Amino acid sequence: MKIYLNSIKFNRSLVDGPGVRTVVFFQGCDLHCKGCQNPSAWDIRKGTAVGVEELANLLKKEVCNKKITFSGGEPLMQAEGLIALVELLADFDIAVYTGHELCDVPKRLLDRIRYIKTGAFKEELHTTVTPFVGSSNQEFRRLH
Ligand code: SF4
């Protein structure tokens, strides 16, 4: 199984969940929020295809503290690949950033991750003070 990636930021984000985190940006987003910071991630055909096992091995090798956030783009566009990936990273502290609501997230994914950010970005509700979200309608939750 392949995942279409936009990019990876290794071991240096402080704003995508607790701690210093690696952020994996999935390619492809069907929500097209007004004011999106990353429109280059919308078209899934422009992503780099990487095998799930190959990506898991890369993350195991390069992520020094086992803290990873899967963002995008919209990672739920590739939900089966994402679930397969997190199954291979069972001892990692994983956060997922989705623009969808919690009721839309597969339980098989929720059971395997520690944090989730839900809700589409709304430009008129943009915030720089609420931790780990871009607009005040979004929610960042600890699951386990
Ligand atoms: S969900 Fe995220 S990547 Fe997609 S359009 Fe909205 S802000 Fe941009």
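Residues numbered from 1 in each chain as written. Predicted model: local features only at pLDDT ≥ 70, side-chain atom pairs only at ≥ 80, totals over all residues. Heavy atoms only, no water.

A.B. asks: I'd like a rundown of helix H1 (residues 52-62), residues and numbers included.
C.D. replies: Inspection of H1 places Val52, Leu55, Ala56 and Leu59 among the buried residues, and these make up the whole buried set. Buried residues in H1, looked at end-on, bunch into an arc of 100°, giving them a common side. In H1, the exposed positions that point more than 90 degrees away from the buried face belong to Glu53, Glu54 and Lys61. Elements in contact with the buried residues of H1: strand S1 (2-13), strand S2 (21-26), strand S3 (48-51), strand S4 (67-71) and helix H2 (79-88). (Buried < 20%, exposed > 50% of the residue type's maximum accessible area, 1.4 Å probe, protein only. Helix = DSSP H or I, 4+ residues; strand = E, 2+ residues; numbered from the N terminus. Arc of directions from axis to C-beta. Contact = heavy atoms within 4.5 Å.)

A.B. asks: Quick one: what's the story with the side chain of Gln27, residue by residue and with numbers?
C.D. replies: Mapped onto the secondary structure, Gln27 falls in the loop between S2 and S3. Using a relative accessible area of 1% as the deciding quantity, one classes Gln27 as buried. Within the structure, Gln27 has its side chain in polar contact with the side chain of Asn6 (distance 2.9 Å). Once residues lying within four places of it in the same chain are set aside, the contact partners of Gln27 are Tyr4, Leu5, Asn6, Ser40, Ala41, Trp42, Asp43, Ile44, Lys46, Gly47 and Gln78. (Polar contact = N/O pair within 3.5 Å; in protein donor to acceptor, adjacent residues only side chain to side chain.)

A.B. asks: Residue-level account of the site of the ligand, with values.
C.D. replies: Near the ligand, the surroundings consist of Cys29, Leu31, His32, Cys33, Cys36, Trp42, Gly73 and Phe121. Across the shell around the ligand, the residue classes tally to 6 nonpolar, 2 polar and no charged. (Near = heavy atom within 4 Å. Nonpolar A, V, L, I, M, F, W, Y, C, P; charged D, E, K, R; others polar.)

A.B. asks: Pulling in residues and values, what's your account of unusual backbone geometry?
C.D. replies: Put simply, Gly72 and Gly73 share a cis peptide bond, and its omega is 10°. Considering the arrangement of structural elements, one finds Gly73 in the loop between S4 and H2. The phi angle at Asn11 is positive, at roughly 55°, despite the residue not being glycine. Relative to the assigned elements, Asn11 resides in strand S1. Overall, Asn11 belongs to the partly exposed group, its relative accessible area being 24%. The backbone of Lys66 sits at a positive phi, close to 65°, despite the residue not being glycine. Tracing the backbone through its elements, the reader meets Lys66 in the loop between H1 and S4. For Lys66, a relative accessible area of 34% corresponds to the partly exposed category.

A.B. asks: Quick rundown of the pairing of S2? Include the residues and the values.
C.D. replies: Burial within S2 is extensive, with 6 of its 6 residues counted as buried. The side-chain alternation of S2 yields two buried faces, one formed by Arg21, Val23 and Phe25 and the other by Thr22, Val24 and Phe26. As paired elements, S1 and S2 share 5 bridges and run antiparallel to each other. Along S2, the bridge assignment pairs Ile8 with Val24. (Pairing = 2+ DSSP bridges.)

A.B. asks: Please set out H2 residue by residue, giving values where relevant.
C.D. replies: Most of H2 sits out of view: 7 of its 10 residues are buried. For H2, the complete set of buried residues consists of Ala79, Gly81, Leu82, Ile83, Ala84, Leu85 and Val86. Elements in contact with the buried residues of H2: S1, S2, H1, S4, strand S5 (93-97) and helix H3 (107-110).

A.B. asks: Lay out the packing of aromatic side chains in plain terms, naming residues and giving numbers.
C.D. replies: According to the stated counting rule, one finds 4 aromatic pairs in the structure shown. When the ring of Phe132 is compared with that of Phe140, the centres are 5.0 Å apart and the planes differ by 50°; the resulting orientation is tilted. Among the residues examined, Phe132 registers a relative accessible area of 23% and is labelled partly exposed. Connected via pairs of aromatic rings, a cluster forms that spans Tyr97, Tyr115, Phe132 and Phe140. (Phe/Tyr/Trp six-rings, centres within 6.5 Å; stacked < 30°, edge-to-face > 60°.)

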